[in-house]
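Remarks on the overall topology
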Amino acid sequence: MFRRPSKTTVLTLAAMVVLLAFSVWAEHGLDPYIIRILNMWCIYTILVASFNLIYGITGQFSLAHAGLAAIGAYTVSLLTLSPEAKQLSFLLAPPSPLIANVQWPLLPALLLGGVLAALIGFVIGAPALRLHGDYLLIVTLGFSEIIRLILVNLSSVTNGAMGLKGVPYLSSLTWTIGATIVALTVIRRLITSSYGRALMCIREDEIAAEALGVNLFRHKTIAFVFSSFFVGIAGGLYAEILGTVDPNTFRPALTYAVITMAILGGIRSLTGGTIAAGIYTVMSELLRTVEAPQMIFGWDYPGLPGLRQLFFATMLLLLILFARKGLMGSKEFSWDWLFSRSKSSDSKGSERSHEQ
């Protein structure tokens, strides 16, 4: 028999439709600078959600995000650049015949970028996830740097240290919001499934999880591959927004930024990660103007380079000292919570009216 969808499911679908409709309107109704900020918010949200899956849920601390994002970014850039643009960009060596005359639409390029990042994630995770604690951290950071150095030295494929210029903007706010909705939905469904419960069991106590029949290697690898896939998607969208990629874009600082956002929002909360990604994006843009030299009331202001890093480092220190669980801790937004809040406010209002 046909099962009638629940009220929360209908509301969730309606909210997704509203977001997508807003993105279509925003492409023509908002300033391009605001659209860029919203795009970056979505991309950071995907990166934070993927980090929360591998660390907040599974308990495996990984520093491979920057390298995996580079895989997605370079894949999308190489596949969407026109053959003419490649000939102009590759100055160190002519482009490899494998990519010289290839030009794909955005969707298959994004999917291939995610798949390649997932494959690299499997290659990294297969040996690394057998380690624990600081050893896993060091290995994943090392793999991320190895990926970056390979990109520097593959001149015929990546144009080496010069990177790729003129990446065509085939994306839009609708693409990034749609990708964010898909990423959050899939990760949320994975977390609430039997696999998710096994992952949380691994996080709490690996020995107890193994005693209960949980295959540690398989479950850790599944989480790492899913996380890597969405990091690759985010990296591809990141290249679309920037219009250029080079190895320096994907230094460990990108991974540290993702960790900062995850801690700010709560490492076990997708809702908190989304909110923290918005705060980080907006504050980065506001502090960018403080870093840049400018003229203020006839006074030559030299700017304060590095202020953003100092600000976020200080914020991270304060969070560790006073709010270790972040903004949301492990809480998630739900329609039931919203309805309960509205009912409690209505009941308080009615009580006050009776008292009067």
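Details of the structure are given in the entry above.
None of the values given here were measured: they were computed from a predicted structure. (Residues numbered from 1 in each chain as written. Predicted model: local features only at pLDDT ≥ 70, side-chain atom pairs only at ≥ 80, totals over all residues. Heavy atoms only, no water.)

Quick word on a nonpolar patch on the surface
Together, Leu317, Leu318, Leu321 and Phe322 make up an exposed nonpolar region whose accessible area comes to about 460 Å². As for its position among the elements, phenylalanine 322 is in helix H15 (residues 307-322). (Patch = residues over 30% accessible without salt bridge, like charges linked within 9 Å, V, L, I, M, F, W, Y side chains within 5 Å. Areas by Shrake-Rupley, 256 points an atom, 1.4 Å probe, with all protein chains shown as cover. Salt bridge = Lys/Arg side-chain N within 4 Å of Asp/Glu carboxyl O. Helix = DSSP H or I, 4+ residues; strand = E, 2+ residues; numbered from the N terminus.)

Details of the packing of helix H10 (residues 194-204) against helix H12 (residues 216-242)
The interhelical angle for the contact between H10 and H12, taken along N-to-C directions, is 110°, at an axis separation of 10 Å. Considered as vectors, H10 and H12 are oriented roughly perpendicular to each other. Mapping the contact onto sequence places Tyr195, Ala198, Leu199 and Ile202 in H10 and Leu216, His219, Lys220, Ile222 and Ala223 in H12. Among the residues forming the contact of H10 with H12, the class breakdown is 7 nonpolar, 1 polar and 1 charged. (Axes fitted to C-alpha atoms, helices over the stretch in contact; angles between N-to-C directions. Parallel < 35°, antiparallel > 145°, perpendicular 65-115°, else oblique. Contact = heavy atoms within 4.5 Å. Nonpolar A, V, L, I, M, F, W, Y, C, P; charged D, E, K, R; others polar.)

Describing helix H13 (residues 252-265)
With 14 residues, H13 extends 20 Å between its outermost C-alpha atoms, agreeing within 8% with the 20 Å of an ideal straight helix rising 1.5 Å per residue. With 11 of 14 residues buried, H13 lies mostly within the body of the structure. What H13 keeps buried is the set Pro252, Leu254, Thr255, Ala257, Val258, Ile259, Thr260, Met261, Ala262, Leu264 and Gly265. Phi turns positive one or two residues past the end of H13, at glycine 266, with a value near 115°. (Expected span 1.5 Å × (residues − 1). Buried < 20%, exposed > 50% of the residue type's maximum accessible area, 1.4 Å probe, protein only.)

So, the packing of helix H3 (residues 65-80) against helix H6 (residues 106-128)
Where H3 contacts H6, the two axes come as close as 8 Å, and the packing angle between them is 150°. Helix-helix and strand crossings are classified by hand; for H3 and H6 the assignment is right-handed. On H6, the residues that touch Leu68, Ile71, Gly72, Thr75, Val76, Leu79 and Thr80 of H3 are Leu106, Ala109, Leu110, Leu112, Gly113, Leu116, Ala117, Ile120, Gly121 and Ile124. When grouped by side-chain class, the residues that make up the contact of H3 with H6 number 12 nonpolar, 5 polar and no charged. (Left-handed = near helix turned anticlockwise from the far one by under 90°.)

Quick look at the pattern of salt bridges
Scanning the model with the defined rule gives 4 salt bridges in all. Measuring nitrogen to oxygen at the nearest pair gives 3.0 Å for the salt bridge that ties lysine 220 to glutamate 206. In this pair, lysine 220 sits in helix H12 while glutamate 206 sits in helix H11 (residues 206-211), placing the two residues 14 residues apart along the sequence. Taking relative accessible area as the criterion, lysine 220 reaches 3% and is therefore assigned buried.

Comments concerning the side chain of serine 50
As for its position among the elements, serine 50 is in helix H2 (residues 32-57). Of the residues examined, serine 50 reaches a relative accessible area of 0% and is grouped as buried. Side chain to side chain, serine 50 and histidine 65 meet in a polar contact 3.0 Å long. The contact partners of serine 50, leaving out residues within four places of it in the chain, are His65, Ile187, Ser227 and Val231. (Polar contact = N/O pair within 3.5 Å; in protein donor to acceptor, adjacent residues only side chain to side chain.)

These figures come from the coordinates and say nothing about function on their own.
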